[in-house]
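Coordinates in review
Single-letter residue listing:
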Amino acid sequence: MVDVTGLAILGSTGSIGRQALDVVRALPDELRVSALACGSNVDELQAQLVEHRPAAVWADAPPPGWSPPQHAPAELAPLEELAVRDDVDVVLVATTGLAGLAPTLAALRAGKKVAIANKEVLVVAGAEVRRALAEGAPAGAELRPVDSEHSAIWQCLWGERPEAVAQLTLTASGGAFRDLDADDLARVTPEQALAHPTWSMGRKVTVDSATLFNKGLEAIEARWLFDVPLSRIEIVQHRESVVHSLVRFVDGSVKAQLGEPDMRLPIQCALTYPERRPARHVAPLDLASTGRLHFEPVDHERFPALALALEAGRREDGSAAALSGADEAAVAHFLAGRLGFTEIATLLGSALDAHEPVDEEDIDAVLAAEAWGRGFVDRAVARPGPAAEGRGGLSEGPGA
């Protein structure tokens, strides 16, 4: 008899959350929804409550007076309480931004399995997450990656000794604009940036994929997930998105994980580990039909946001947190039409130059750095005059 795994899905109405529920539908005898949480999309949440009937629910910004429907009753509980419930075995953190930080830490310290699909949590607070994981490990805590690239590395590392790992290689599709020149990039619209050639993702991560900032965040995530320094993590462009990532070992051999570019595969892997279950919702990979696989270096000159993210991560002084906050604000301004596409990287560079180092082991300091980054960009965009004026020379620090 197969044990049933109780799930808390935080961010259930987003792209990852909805695809996770597809996995639940495909494995009804093995996965049970114990708790659901969303931001403000309570219409979709209510439909999920009716279908899955969890015991607990949370909406971060519901309309006044909202409560779960009577025909699908569920206890209202904050995110941290959902994450540590007795009927929850695995917590899927699929929120955006830092909303997922507190429940991630609470779940790990309580000995839960955490399937992490939130970049900001690890980029901003990776050291704190590792501490929480160590605290909860005796009670069974695990950190399971959900992003396709990190899931690929994780799978390649199963059964391997840490000292045998020489290098991690993340693959990048190149985003929506991998073939555009600099002039064309300057004219990119939000609608164009949201049209990813391969993956179906949320708005923020899709824009980050287009600037390649996302790939820098993924390298920082990998550093915390797998305890490998950034100097041993490389990025290569791979248009087909079939090889999701690779691991090179000290003897020169390389493992790669391949699969159809469908997020339900790494989600299912994280929810059912250590078992592999049939993926009834995804067609098997047909390499003969795929034909050729291409790999090439990333063009850092056309996509400077990637180099900025990697530099921030290498500094290990809170710069990654500050740049994560700056990007959060810059992407929002771009999507609202207040900022040009290439100006995102311009502002990120200014923020990195202006940031004052903090102790990366101090959770309060890195959270303050993240907030400073958002404020830095908001103030820069609010200034009158041409979009780029004054940004390269801004020098205000976190205390300004």
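The numbers attached to residues start from 1 for each chain and follow its sequence in the written order. Only residues with pLDDT of at least 70 are given local features in this predicted model, and only at 80 or more are side-chain atom pairs given and counted; all residues enter the totals for whole chains, interfaces and linings. Processing note: side-chain calculations cover all non-hydrogen atoms of the structure and skip hydrogens and water entirely.

Let us now look at the overall build of the protein chain. When its secondary structure is counted, the protein chain shows 16 helices and 11 strands. The globule rule used here is 2.2 Å times the number of residues to the 0.38 power, and the radius of gyration it is set against is calculated over C-alpha atoms. The globule rule puts the C-alpha radius of gyration for 400 residues at 21 Å, and the 21 Å found for the protein chain is close to it. For the protein chain, the spread of C-alpha atoms along the three principal axes comes to 65 × 55 × 40 Å. Exposed residues in this analysis have more than 50% of their type's maximum accessible area, buried residues have under 20%, and partly exposed residues fall in between, with area computed by a 1.4 Å probe over protein chains only. Counting only residues that meet the buried cut, the protein chain has 56% of its 400 residues in that class. Here the analysis covers contacts within the protein chain between residues at least 6 apart in sequence; of these, 68% occur between residues at least 24 apart. Helix and strand labels come from DSSP, where a helix needs a run of H or I of at least four residues and a strand needs a run of E of at least two; each type is numbered from the N terminus. By definition in these notes, contact holds between two residues if any of their heavy atoms fall within 4.5 Å.

Here, strands pair whenever DSSP counts at least two bridges between them. Here we have four strands laid out as an open sheet, ordered β9-β8-β10-β11, and mixed in their pairing. Across the chains shown, the open sheet's two edge strands, defined by having one partner strand only, are β9 (233-237) and β11 (254-258). Shown here is a sheet whose adjacent strand axes are inclined to one another by a mean of 20°, direction ignored. Examined bridge by bridge, strand β8 (residues 165-172) and β9 share five bridges and lie parallel to one another. What sits directly across from Leu 170, in β9, is Ile 235. Most of the contacts of helix α6 (residues 148-157) go to strand β10 (residues 243-249), to which it runs at about 40°, and overall it touches β8, β10 and β11. Between N-to-C directions, angles cover 0 to 180 degrees, with each direction set by a line fitted to C-alpha atoms, over the stretch in contact for helices.

Quick look at the sheet that holds strand β4 (residues 75-76) now. In spatial order, the strands read β4-β3-β2-β1-β5-β6-β7; together these seven strands make up an open sheet with parallel pairing. Each end of this open sheet is capped by a strand with a single partner; those strands are β4 and β7 (142-145). Bridge analysis of strand β1 (residues 5-10) against strand β2 (residues 31-38) gives six bridges, and the strand direction is parallel. Bridge pairing links Gly 6 to Arg 32 in β2.

Taken residue by residue, helix α4 (residues 101-109) has Leu 101, Pro 103, Thr 104, Leu 105, Ala 107 and Leu 108 as its buried positions. Gly 111 sits one or two positions beyond α4 and adopts a positive phi of about 85°.

Okay, the nonpolar core next. Formed by 92 residues in total, the largest nonpolar core has its most connected members in Leu 143, Leu 168 and Phe 226. Core analysis: the second largest hydrophobic core is formed by 30 residues, Leu 36, Ala 72, Ala 117 and Met 263 among them. Think of a nonpolar core as a cluster: buried Ala, Val, Leu, Ile, Met, Phe, Trp, Tyr and Cys residues, connected wherever their side-chain atoms sit within 4.5 Å.

The next thing to look at is the confidence of the model for the protein chain. The predictor's confidence in any single residue is recorded as pLDDT, a number from 0 to 100. Scored by pLDDT, the protein chain has a mean of 91; 94% of the residues are at 70 or more. In the predicted structure, residues 386-400 sits below a pLDDT of 50 and forms 27 contacts with residues beyond four places in sequence or in another chain.

Nonpolar side chains (Val, Leu, Ile, Met, Phe, Trp, Tyr) are joined into patches within 5 Å and like charges within 9 Å, using only residues with over 30% relative accessible area and no salt bridge. Here the accessible surface of atoms and residues is derived via Shrake-Rupley with a 1.4 Å probe, and residues count as covered only by protein chains that are part of the display. Salt bridges are defined by distance alone: a side-chain nitrogen of Lys or Arg within 4 Å of a carboxyl oxygen of Asp or Glu. On the surface, Leu 258, Leu 287, Leu 293 and Phe 295 cluster together into a nonpolar patch covering about 330 Å² of accessible area. Topologically, Leu 293 is positioned in the loop between α12 (287-290) and α13 (304-315).

Between rings of Phe, Tyr and Trp, where Trp is taken as its six-membered ring, a pair exists when centres lie within 6.5 Å; planes separated by under 30 degrees are stacked, by over 60 edge-to-face, and by other angles tilted. Taken as a whole and judged by the stated rule, the model has six aromatic pairs. With centroids separated by 4.7 Å and ring planes inclined at 45°, the aromatic side chains of Trp 154 and Tyr 273 adopt a geometry described as tilted. Highlighted residues: Trp 154 in helix α6 and Tyr 273 in the loop between α11 (264-272) and α12, separated in sequence by 119 residues. A centroid spacing of 5.7 Å and a plane angle of 65° characterise the contact between Phe 334 and Phe 341, whose relative ring orientation is edge-to-face. Just as Phe 334 is buried, Phe 341 falls in that class too. One aromatic cluster is present, built from ring pairs that chain together Trp 154, Trp 158 and Tyr 273.

To estimate how far a helix should extend, the number of its residues minus one is multiplied by 1.5 Å. In this model, helix α1 (residues 15-26) (12 residues) spans 17 Å end to end at C-alpha, consistent with the 16 Å of a helix rising 1.5 Å per residue. Extensive coverage of α1 is indicated by the burial of nine of its 12 residues. Taken as a whole, α1 has its buried residues at Ser 15, Ile 16, Gly 17, Gln 19, Ala 20, Leu 21, Val 23, Val 24 and Ala 26. Close packing links the buried residues of α1 with β1, β2, α2 (42-52), β5 (90-93) and α11.

We now examine the side chain of Asp 208. Relative to the helices and strands, Asp 208 is located in helix α9 (residues 203-211). Classification of Asp 208 by relative accessible area gives buried; the value is 2%. In this structure, Asp 208 is in contact with Phe 213, Asn 214, Leu 217, Asp 327 and Val 331, ignoring residues within four places of it in sequence.

With seven of its eight residues buried, β2 lies for the most part within the structure. In this fold, β1 hands off to α1, which returns the chain to β2; that crossover is right-handed. In this sheet, strand β3 (residues 56-59) lies alongside β2 in parallel orientation, the contact comprising four bridges. Residue pairing in the sheet places Ala 35 in a bridge with Ala 56 of β3. A crossover links β2 with its parallel partner β3, the connecting element being α2, and its sense is right-handed. When the strands point away from the viewer and the path from the first strand over the helix to the second turns clockwise, the crossover is right-handed.

Where helix α15 (residues 341-354) contacts helix α16 (residues 363-382), the two axes come as close as 10 Å, and the packing angle between them is 125°. By the angle between their axes, α15 is oblique relative to α16. Our pair here, α15 against α16, has a crossing hand that is right-handed. Of the residues in α16, those touching α15 at Leu 347, Ser 350, Ala 351 and Ala 354 are Trp 372, Phe 376, Val 377, Ala 380 and Val 381. Any angle that is under 35 degrees is reported as roughly parallel, and any over 145 degrees as roughly antiparallel; angles of 65 to 115 degrees are reported as roughly perpendicular and all others as oblique. Crossings are assigned a handedness: left-handed for a near helix turned anticlockwise from the far helix by less than a right angle, right-handed for a clockwise turn.

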